[in-house]
Amino acid sequence: MKIYNSTKEFDSIEKNSIITIGTFDGVHIGHQEIIKNLVEDAKNNQGQSVILTFFPHPRIILQGSINLKLITTLKEKIELLEKTGLDHLIIEPFTKEFSRLTALDFVRNILVEKLKIKKLVIGYDHHFGRNREGNFEQLQEYGKTFGFEVEEIPAQDIQNVAVSSTKIRKALEEGHIEKANTYLGYEFMITGKIIHGRGLGTQWSYPTINIQLEETYKLIPKPGVYIVKTKLMNQEVFGIMNIGIRPTVGGKNQTIEVHLLDFNDNLYGKIIQIQIAYRMRDEQKFSSVEKLVSQIKQDEIRARELISRGIISF
């Protein structure tokens, strides 16, 4: 997959571009269905599959949504898209100036002139252009004018619920990790740097790694205790993660701590990617450290049981 930092970098000569457009936050199963169709279509027609996406997220620029948290960081999104067989990924810087392009200008100046589009594959209820004025019917008219085909992929449903990035964000914020993972088609991940903490876990014989997220806009699931998994030094490693403020020991700031099962090595300063598989319970405030440690032991017993039964697996 070739990556371009704007449409200006994309050399479209003889690429026979079959394109889809969107933010693709989470690269969930609905996105995956669109991309699958895109890639297959390109192969069947001796073309090149192209995704045009935007960064920062348009809502952050247009609505000043500084509190908008995203399912995937840009790096994670690229990593997920690389697995799809896509030929080209264009990451267009989203600005207020770009947002003022009319639907016609966007189609003519970007899709036709710069990207030399042959076919556009879009998801259900797709809108584009200034004030989201462009829609599927309008695209079909532009297609006739400028000589490209338009295909709409129906919404991907699970249990009669149309999958969307918004619904996945809501599931994560409410702690419904398994529902979110079903919608994503993979386990929600967080990526960050391992930093030093207060060392309390080591004192309790439950050493933890503290994870500092790479990007501040990354969504963090509802505070609580989760079973997670990761790969370290070519080894598959399970762990128990706590997201929260650690109220029993007077914590005030939210942290992400992971106790790795059956793994003990110096990881400080390394980048780690954690996959969140299962939510065990809410974070609690205990009346004593002893009761907290007792609960941590119970969490480990339960986690190991779920892993041994294959309920949580790689």
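Relevant structure appears above.
Residues numbered from 1 in each chain as written. Predicted model: local features only at pLDDT ≥ 70, side-chain atom pairs only at ≥ 80, totals over all residues. Heavy atoms only, no water.

### Looking at the overall build of the chain
Within the chain one finds 10 helices and 14 strands. With respect to the principal axes defined by its C-alpha atoms, the chain has extents near 75 × 40 × 40 Å. Burial statistics for the chain: of 314 residues in total, 49% are counted as buried. Within the chain, contacts between residues at least 6 apart in sequence are counted, and of these 74% link residues at least 24 apart. Accessible area of the chain: about 15900 Å², with a carbon and sulfur share of 46%. Taking the average location of the 41 positive side-chain charges in the chain and that of its 39 negative ones, the two points are 5 Å from each other. (Helix = DSSP H or I, 4+ residues; strand = E, 2+ residues; numbered from the N terminus. Buried < 20%, exposed > 50% of the residue type's maximum accessible area, 1.4 Å probe, protein only. Contact = heavy atoms within 4.5 Å. Areas by Shrake-Rupley, 256 points an atom, 1.4 Å probe, with all protein chains shown as cover. Lys, Arg positive; Asp, Glu negative; His and termini not counted. Charge placed at Lys NZ, Arg CZ, Asp CG, Glu CD.)

### Details of the sheet that holds strand S14 (residues 271-281)
Around the barrel, which closes on itself, the 6 strands sit in the order S9-S10-S13-S12-S11-S14 with antiparallel pairing between neighbours. Adjacent strand axes in the sheet meet at a mean angle of 45 degrees, parallel and antiparallel pairs treated alike. Looking at chain direction, strand S11 (residues 224-232) and S14 are connected through 5 bridges and run antiparallel. The residue of S14 that forms the bridge with Tyr 226 is Arg 279. (Pairing = 2+ DSSP bridges. Axes fitted to C-alpha atoms, helices over the stretch in contact; angles between N-to-C directions.)

### Concerning the pairing of S14
Summarising burial for S14: 8 of the 11 residues are buried, a large majority. Relative to S14, strand S9 (residues 189-195) runs antiparallel, the two being bridged by 5 bridges. Across the sheet, Met 189 pairs through a bridge with Gln 275, a residue of S14.

### Looking at the layout of surface pockets
Its volume calculated, the second largest pocket comes out at about 760 Å³. Along the wall of the second largest pocket there are 40 residues; nearest its centre are Tyr 206, Pro 207, Thr 208, Glu 257 and His 259. Of all the elements in the fold, those that place two or more residues in the lining of the second largest pocket are helix H9 (200-203), strand S10 (209-213), strand S12 (235-244), strand S13 (255-260) and helix H10 (289-308). Looking at side-chain class alone, the lining of the second largest pocket contains 19 nonpolar, 12 polar and 9 charged residues. (1 Å grid on protein atoms, 1.4 Å probe; cavity = no way out; pocket = protein on both sides within 12 Å on 5 of 7 lines; lining within 4 Å. Points joined across faces, edges and corners; volume = space filled by probe spheres on them. Nonpolar A, V, L, I, M, F, W, Y, C, P; charged D, E, K, R; others polar.)

### Quick word on empty space enclosed by the protein
Summed over all chains, the structure comprises 1 cavity of 30 Å³ or more. The wall of the largest cavity is formed by Thr 23, Asp 25, Phe 54, Phe 55, His 57, Leu 70, Thr 72, Thr 73, Leu 74, Lys 77 and Tyr 217.

### Overview of helix H7 (residues 165-173)
When we look at burial in H7, the residues that qualify are Ser 165, Ile 168, Arg 169, Ala 171 and Leu 172. Around the axis of H7, the buried residues are gathered within 160 degrees of arc, so they sit on the same side. Considering only its buried residues, H7 is in contact with helix H1 (29-44), helix H2 (58-62) and helix H8 (177-184). Residue Gly 175 follows H7 closely and has a positive phi angle near 85 degrees. (Arc of directions from axis to C-beta.)

### Quick notes on unusual backbone geometry
Here the bond from Phe 55 into Pro 56 is cis, since omega is 0 degrees, no more than 30 degrees from zero. Here Pro 56 is to be found in the loop between strand S3 (48-55) and H2. Phi is positive for Phe 24, which is not a glycine, with a value near 55 degrees. With respect to the helices, strands and loops of the structure, Phe 24 is situated in the loop between strand S2 (17-21) and H1. Take Phe 24: its relative accessible area is 3%, and that puts it in the buried class. Here Lys 116, not a glycine, exhibits a phi torsion of approximately 50 degrees, which is positive. Checked against the element boundaries, Lys 116 lands in the loop between helix H5 (103-114) and strand S5 (117-123).

### Quick word on the sheet that holds S5
The strand order across the open sheet formed by 6 strands is S1-S4-S3-S2-S5-S6, and the pairing between neighbours is parallel. Both outer strands of the open sheet, strand S1 (2-4) and strand S6 (149-153), are each paired with one neighbouring strand and no more. The sheet shows a mean angle of 25 degrees between the axes of neighbouring strands, taken without regard to direction. When S3 meets strand S4 (residues 88-93), the two strands line up parallel, connected through 6 bridges. Following the sheet pairing, Phe 55 is matched in S4 by Pro 93.

### Considering the pairing of S11
In terms of burial, S11 is largely enclosed, as 8 of its 9 residues are buried. Note that S11 and S12 share 9 bridges and pair antiparallel. Bridge pairing in S12 places Gly 224 opposite Ile 243. Here S11 folds back onto S12, and the loop between the two strands holds 2 residues, one of which, Met 233, carries a positive phi near 50 degrees.

### With respect to the packing of H7 against H8
Viewed as axis vectors pointing N to C, H7 and H8 meet at an angle of 155 degrees, and their least axial separation amounts to 8 Å. Here H7 lies roughly antiparallel to H8, going by the angle between them. When the axes of H7 and H8 are compared, the crossing they make is left-handed. Across from Lys 167, Ile 168, Ala 171 and Leu 172 in H7, the residues of H8 making contact are Ile 177, Lys 179, Ala 180, Tyr 183 and Leu 184. Tallied by class, the residues present in the contact of H7 with H8 amount to 7 nonpolar, no polar and 2 charged. (Parallel < 35°, antiparallel > 145°, perpendicular 65-115°, else oblique. Left-handed = near helix turned anticlockwise from the far one by under 90°.)

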